[in-house]
Amino acid sequence: MCGIIGIVGSSEAAPRLIESLKRLEYRGYDSAGVAAQVNGVLERRRAPGKLANLEAVLAAEPLRADTGIGHTRWATHGAPTERNAHPHIAGRVAVVHNGIIENFAELKAELQAKGRVFSSDTDTEVVAHLVDQNLMDGMEPLEAFSSALKRLSGAYALCVLIGGETEIIFATRNGPPLVVGYGDGEMFVGSDALAVGPFTNRILYLEDGDYAMVDHKGAAIFDASGAAVDRPIKIVASSAAVMEKGNYRHFMEKEIHDQPEGCQRTIAAYVDPLTAKTAVPGGIDWASLERVQIVACGTSYIAGVIGKYLIEKYADLPVDVEIASEFRYREPSIRASALAIAMSQSGETADTLAALRYCQAKGMKSAAVVNATESTMAREVDVVWPIHCGPEIGVASTKAFTAQVSVMTALAIAAARARGRIDAAEEARLVRVLLESPRLIAESIQLEEAVRAVAVEIAKARDVLYLGRGPMSALALEGALKLKEISYIHAEGYAAGELKHGPIALVDEKTPIIILAPFDHYFEKSASNMSEVMARGGQVVFITDPDGAKHAPAGARVVMTAPSCDPLISPLVMSAPIQLLAYHVAVQKGADVDQPRNLAKSVTVE
Ligand code: AGP
């Protein structure tokens, strides 16, 4: 959940390191720092908080060198202070790290017993001391680095500078991703393609266990056994455009508005608009498949729940969806005959990756619904289902969520057809319904002014309740998660039918209740839940469609009408209002929308 960058350059490294760290801030922003060798001596600049603080430090005290390393931190071990900010230095060694060194306490005690003095509370610092101790014991730099790696257990992506080796960076990954960028006479190492995007689009993805010695001429890469290996260099799409906010105030606002176009791109990869048939890649034999096991976290988990509703309803195929961090440790009773689907925007979420590997170890065929198609998850599964929504920078997931739901909707139609649950005519009808969704999402986004007005009231609330039935119960979870994570208001999403089993005790005139209820077969029940909460003073924001508005009980504080649509795509069409509500409440509260406190975009540690 941290971002790291290394540059072996031919011009001032500091401003380039900062440029890259700006692209990595979505991975964590508790502190930031850079290190370089000035006349062969290691120097560093660090600052707690946002990158702007580090820029101020560098403006006051420039760092003049062409080779350097940088880091933006999401704190795991040690408070987010300057003392704990990376890079960490011990003797001739500077290190930046993403991940967790799980045996750091034991290593730290061993090193302290040798007289080594530590200056931080972090796990990372042990790496600098291990490499430096190896150098002091007479090892050459590459051996000092590789021998130190053999002592580590845990998840780590590292960049290391060694004093005296002024034009070399040592790097490794074991878990969190790390890429090597190839420039013209310059080389780069970064957490992902975005990090090195300003400098090159020629990218090599290190594999788990690889380590590398990178200099101006290129990279010498070795696998965990120490054997020299070649990894392919790929040309990746330029990411520069995506990194701009355009005329939006926040990436999240831009990404909400990008959804119609994003979902159009996603859907086009899974259906054939000319034949109105599904065209899902991967060759899954849906007809003989007995069960699907979905593992995911956060918003991706919620997209998986919606996938379950759709696949079971349309394809009559059993689907289990589970929070990855629970699944991976509870010894679930699963069968090799099931298909494992990992859902992840980043493709690097540690818990989801571990749960996926658990399924694979049980013999399951595996697929990944991911945005980052070069991510670890994408490279470890049998089938990749990309969501094609472009890099998502806002920590709160929006366009990736609807893109994931779009993929799950296409899978549901394909599975239904393959299992004989629908004929070709019904498949064509459903495909056409799915193809309409981008236009209807755009119409739903037109509710923004009404949402902005409601947000003023909701921003004053202490607690907010979201209710829905069927797929809307999952959207209620998503609405609550969005509000919590960017406005810091406590919110809960609940299946509306559960209200009477406890949560209704929460209802009073101070608690806004957001009810999601398109005019479908759940509507009548949702309407009676609405009456129940209003009878107890609940202030209801009713999000429905024109028919629902006609039939809604009187008394709601606000009724918003999203476009009417087929139940197949109501999760897609009803997402925008809850995303916009969370966004505008956060703006009302002056919260840091794109980089909410305590969060990071990609949770690569458990
Ligand atoms: C969503 O708004 C959150 N930022 C978070 O729940 C996220 O969905 C979760 O961490 C999973 O990330 P992934 O999709 O990259 O695996």
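Anything mentioned here points back to the structure above.
Since this is a predicted model, take the numbers as computed values, not measurements.

### Concerning the packing of helix 16 (residues 471-487) against helix 20 (residues 575-588)
Turning to step 1, where the next piece is worked out: Orientation of helix 16 relative to helix 20, taken along the N-to-C sense of each, is 20 degrees, at an axis distance of 8 Å. Classified by the angle their axes make, helix 16 and helix 20 are roughly parallel. In this structure, helix 16 meets helix 20 at a crossing whose hand is right-handed. Taking contact as the criterion, the partners of Leu475, Glu478, Gly479, Lys482, Leu483, Ile486 and Ser487 in helix 16 are, on helix 20, Ser575, Ile578, Ala582, Tyr583, Val585 and Ala586.
Turning to step 2, where the next piece is worked out: Among the residues making up the contact of helix 16 with helix 20, the classes are represented as eight nonpolar, three polar and two charged.

### Looking at the nonpolar core
Turning to step 1, where the next piece is worked out: Membership of the largest hydrophobic core comes to 97 residues, with the highest contact counts inside it found for Trp286, Ile341, Trp385, Val464, Tyr466 and Leu581.
Turning to step 2, where the next piece is worked out: Looking at this core, the element that brings in the most residues is helix 13 (residues 399-418), giving 13 residues.

### Points about the sheet that holds strand 24 (residues 512-516)
Turning to step 1, where the next piece is worked out: Strand order in the open sheet formed by five strands is 23-22-24-25-26, and the pairing between neighbours is parallel. This sheet does not close on itself; its edge strands, each paired only once, are strand 23 (490-495) and strand 26 (558-561). Looking at each pair of strands side by side, their axes are set apart by 15 degrees on average, direction ignored.
Turning to step 2, where the next piece is worked out: In this sheet, strand 24 lies alongside strand 22 (residues 463-468) in parallel orientation, the contact comprising four bridges. From the neighbouring strand, Gly468 faces strand 24, where its bridge partner is Leu516.
Turning to step 3, where the next piece is worked out: Across the sheet, helix 16 touches strand 22, strand 23 and strand 24, and the angle it forms with strand 23 is around 175 degrees.

### Re the sheet that holds strand 17 (residues 292-296)
Turning to step 1, where the next piece is worked out: Ordered by their spatial adjacency, five strands build an open sheet running 18-17-19-20-21, and the pairing between neighbours is parallel. The outermost strands of the open sheet, each flanked by one partner alone, are strand 18 (319-323) and strand 21 (383-386). Put simply, the sheet's adjacent strands are angled 20 degrees from each other on average, direction ignored.
Turning to step 2, where the next piece is worked out: Bridge count for strand 17 against strand 19 (residues 339-344) is five bridges, and the pairing is parallel. In the strand pairing of strand 19, Ile294 is matched with Ile341.

Calculation criteria
Residues numbered from 1 in each chain as written. Predicted model: local features only at pLDDT ≥ 70, side-chain atom pairs only at ≥ 80, totals over all residues. Heavy atoms only, no water. Axes fitted to C-alpha atoms, helices over the stretch in contact; angles between N-to-C directions. Helix = DSSP H or I, 4+ residues; strand = E, 2+ residues; numbered from the N terminus. Parallel < 35°, antiparallel > 145°, perpendicular 65-115°, else oblique. Left-handed = near helix turned anticlockwise from the far one by under 90°. Contact = heavy atoms within 4.5 Å. Nonpolar A, V, L, I, M, F, W, Y, C, P; charged D, E, K, R; others polar. Core = buried A, V, L, I, M, F, W, Y, C linked by side-chain atoms within 4.5 Å. Buried < 20%, exposed > 50% of the residue type's maximum accessible area, 1.4 Å probe, protein only. Pairing = 2+ DSSP bridges.

Keep in mind these numbers describe shape, not what the thing actually does.
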